[in-house]
Amino acid sequence: MAADYIPSADADFDVWQRNFYSYINSHLDELGITQGEMVPLINTQESWQAEYNGHITAQAAASGARQAKDTAREHLEAITRQFVRRVQTLRAVTDSVRAQLRITIPSERTSSTPPQTRPVASIDTGQRLRHTINFVDETTPASRARPDGATGCEIWVKVGEAPAGPSEVTYLGTDTRTPYMIEYDEADAGKKAHYMLRWINSKGETGPWSQTVSATVTA
């Protein structure tokens, strides 16, 4: 059976029909075809063209909407996970509350003394207007585990001039697991952010401050 001369794929068919009717309309006299014969064909072609163009537009809109949805979810998940880490450190958040929130109910080790060691931080600046703060304990630099008794790591920052000490930094959040991510506004592009960290236990007792770690906000 001979192959059909009309392509099956819509895009190929659209190219084919454009060429077909363009040629016909340009050679009516040569071919012996009247304008009257072409009227119903042209009307049908125009109907196809309108519907096909609408279909293409709808596809593009659907693709754009899906991408926007995926991006929005990615951002919401990231900021929610970060916030959950903060929530996990709050004294009022009991296992019952965690169950209501449907978040992880951790099995934490407690300590009768404040943390004695310091976090060591490094900053990933690979993403525009974003700093990803990785932290480990100074006694176990090859491990991502917190020191015994620590329930989280407090992250503090100052943007601009380097801080003289802890009194000049502003609290960002408490993270129960490395890394911690912060998004900056475009107005901060090119500025330096200076971070100081410290461990905290379930009683709210904090350990010694880390060394100040600085990084430029990538434009």
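Residues numbered from 1 in each chain as written. Predicted model: local features only at pLDDT ≥ 70, side-chain atom pairs only at ≥ 80, totals over all residues. Heavy atoms only, no water.

Undergrad: Explain the pattern of salt bridges here, please?
TA: Close approach of charged atoms allows side chains of opposite charge to pair. Taken as a whole, this structure holds twelve salt bridges when the rule is applied. The residue R18 makes a salt bridge to D14 at a minimum N-O spacing of 3.0 Å. One end of the pair is R18 and the other is D14, both in helix α1 (residues 10-26) and four residues apart, which spans about a single turn. In this structure, R130 and E183 form a salt bridge, with 2.7 Å as the shortest nitrogen-oxygen distance. Within this pair, whereas R130 is found in strand β2 (residues 130-137), its partner E183 is found in strand β5 (residues 180-183), the two being separated by 53 residues in sequence. R130 gets classed as buried once you look at its relative accessible area, which sits at 19%. (Salt bridge = Lys/Arg side-chain N within 4 Å of Asp/Glu carboxyl O. Helix = DSSP H or I, 4+ residues; strand = E, 2+ residues; numbered from the N terminus. Buried < 20%, exposed > 50% of the residue type's maximum accessible area, 1.4 Å probe, protein only.)

Undergrad: So what exactly am I meant to see when it comes to the packing of aromatic side chains here?
TA: What characterises a pair of aromatic rings is the spacing of the ring centres plus the angle enclosed by the ring planes. Taken as a whole and assessed by the stated rule, the structure comprises nine aromatic pairs. When the ring of F13 is compared with that of W16, the centres are 6.3 Å apart and the planes differ by 20 degrees; the resulting orientation is stacked. Taken together, the positions of F13 and W16, both in helix α1 and three residues apart, correspond to about one turn of that helix. For W16, a relative accessible area of 25% corresponds to the partly exposed category. Measuring from centroid to centroid gives 5.6 Å for W156 and W209, while their planes differ by 80 degrees, and the two rings are edge-to-face. Of this pair, W156 sits in strand β3 (residues 150-159) while W209 sits in the loop between β6 (192-201) and β7 (213-216), placing them 53 residues apart in sequence. Owing to a relative accessible area of 18%, W156 belongs among the buried residues under this scheme. Aromatic rings pair up to connect Y5, F13, W16, F20, Y21, W48 and Y52 into one cluster. (Phe/Tyr/Trp six-rings, centres within 6.5 Å; stacked < 30°, edge-to-face > 60°.)

No statement about biological role is implied by the geometric values presented.
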